[in-house]
Amino acid sequence: MLQLKDLPDKAILEKFASRYPEVDINAVMQFLHLLGVASELSLGLDKFLRRHDLLQGRWWVLILLMREDNFMSSPSKLAEQSGVSRATMTGLLDGLAREGLIKRIVDEKDKRQTQIKLTKQGQQKLDDVMPDYYQRLGQLMSAIDKEEGEALMNVLAKLKQNLTIFD
């Protein structure tokens with residue numbers, strides 16, 4: 001993912017506005033700031049997970065499996081829940097299986113059907129990561145109080161509802 005480190009200031013955006021009169025400078029600044037913070041959060045999470053020998057995609061798969069009552073799911077459901085292609089999910093699952101964090105279980109009646117199961121080693125990996133993750137997440141979010149957190153959730157929900165404008 002491209003990381004925009006040098007966000008434009010108001011003067012630069014005013015230059016753009018002289019060429020593109022549709023520009024709402026405040027809206028662009030707010031959007032770019034939000035995008036920048038989201039990118040930095042993702043990079044921070046990547047850095048944290050690397051210390052635990054994980055990548056975000058693999059970590060999310062382990063979490064999705066842990067959410068299931070029987071710690072099992074199909075590759076296609078995992079792909080759908082993760083928002084990735086089936087091919088990408090196959091790559092994630094291959095890496096997790098090599099590390100012994102998941103196990104593929106082939107259906108005895110229909111050999112084409114496979115379920116993915118979180119192994120004890122996979123659960124242990126989450127047990128090692130999650131307390132540290134939750135502690136750090138709590139520290140990060142302690143920068144805002146309860147009311148600010150609720151306001152943030154409301155603003156983000158409004159923006160999410162409007163995302164279809166990019167379709």
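Procedures and definitions
- Residues numbered from 1 in each chain as written.
- Predicted model: local features only at pLDDT ≥ 70, side-chain atom pairs only at ≥ 80, totals over all residues.
- Heavy atoms only, no water.
- Helix = DSSP H or I, 4+ residues; strand = E, 2+ residues; numbered from the N terminus.
- Rg over C-alpha atoms; globule rule 2.2 N^0.38 Å.
- Buried < 20%, exposed > 50% of the residue type's maximum accessible area, 1.4 Å probe, protein only.
- Areas by Shrake-Rupley, 256 points an atom, 1.4 Å probe, with all protein chains shown as cover.
- Lys, Arg positive; Asp, Glu negative; His and termini not counted.
- Charge placed at Lys NZ, Arg CZ, Asp CG, Glu CD.
- Patch = residues over 30% accessible without salt bridge, like charges linked within 9 Å, V, L, I, M, F, W, Y side chains within 5 Å.
- Salt bridge = Lys/Arg side-chain N within 4 Å of Asp/Glu carboxyl O.
- Pairing = 2+ DSSP bridges.
- Contact = heavy atoms within 4.5 Å.
- Axes fitted to C-alpha atoms, helices over the stretch in contact; angles between N-to-C directions.
- Phe/Tyr/Trp six-rings, centres within 6.5 Å; stacked < 30°, edge-to-face > 60°.
- Domains from an automatic or database assignment.
- Polar contact = N/O pair within 3.5 Å; in protein donor to acceptor, adjacent residues only side chain to side chain.
- Nonpolar A, V, L, I, M, F, W, Y, C, P; charged D, E, K, R; others polar.

Caption draft 1: Summary view of the overall build of the protein chain. Assigned secondary structure in the protein chain consists of 7 helices and 3 strands. Counting from the amino terminus, helix and strand elements in the protein chain follow one another as α-α-α-β-α-α-β-β-α-α. Relative to the compact-globule value of 15 Å for 167 residues, the protein chain shows a C-alpha radius of gyration of 21 Å, a clear excess of over 25%. The C-alpha extent of the protein chain, read off along each of the three principal axes, is 65 × 35 × 25 Å. Put simply, the protein chain has 167 residues, and 27% of those count as buried. Here the protein chain has roughly 12400 Å² of accessible surface; of this, 56% comes from carbon and sulfur atoms. Averaging the positions of the 24 positive and the 24 negative side-chain charges in the protein chain gives two centres separated by 7 Å.

Caption draft 2: Looking closely at a nonpolar patch on the surface. A cluster of nonpolar side chains, contributed by Leu 34, Val 37, Leu 41, Tyr 134, Leu 137, Leu 140, Met 141, Leu 152, Val 155, Leu 156 and Leu 159, occupies part of the molecular surface with about 920 Å² of accessible area. Listing elements by their share of the nonpolar patch, those giving two or more residues are helix 2 (25–50), helix 6 (120–141) and helix 7 (146–161). As for its position among the elements, Tyr 134 is in helix 6. Residue Tyr 134 is classed as exposed on the basis of its relative accessible area of 51%.

Caption draft 3: Representation of the sheet that holds strand 3 (residues 114–118) in the model. With antiparallel pairing, the 3 strands of this open sheet are ordered in space as 1-3-2. For this open sheet the edge positions go to strand 1 (72–73) and strand 2 (102–106), each flanked by a neighbour on one side alone. Bridge count between strand 2 and strand 3: 5 bridges; the pairing is antiparallel. Its bridge partner lying in strand 3, Val 106 is registered against Thr 114. Its contacts with the sheet put helix 5 (residues 86–98) on strand 2 and strand 3, and the angle it makes with strand 2 is roughly 110 degrees.

Caption draft 4: Just the packing of aromatic side chains, in detail. The final tally for this structure, using the stated rule, is 5 aromatic pairs. When the ring of Trp 59 is compared with that of Trp 60, the centres are 4.7 Å apart and the planes differ by 55 degrees; the resulting orientation is tilted.

Caption draft 5: Here's a closer look at the domain arrangement of the protein chain. Taken domain by domain, the protein chain consists of domain 1 (1–51) and domain 2 (55–137). Counting residues at the interface gives 6 residues for domain 1, matched by 7 residues for domain 2. On the surface where domain 1 and domain 2 come into contact, there are 0 salt bridges. Linking domain 1 with domain 2 are 2 residue pairs in polar contact (both at pLDDT 80 or more), by the criterion used here. Residues that form the side of domain 1 that touches domain 2 fall into these classes: 3 nonpolar, 1 polar and 2 charged.

Caption draft 6: View of the pattern of salt bridges. What the rule picks out here adds up to 4 salt bridges. Among the ionic pairs, Arg 58 bridges to Glu 99, the shortest N-O distance being 2.5 Å. Residue Arg 58 is located in helix 3 (residues 56–67), and its partner Glu 99 is located in the loop between helix 5 and strand 2; the two are separated by 41 residues in the primary sequence. When the shortest N-O distance is used, the salt bridge between Glu 68 and Lys 77 registers 3.2 Å. For Glu 68, a relative accessible area of 18% corresponds to the buried category.

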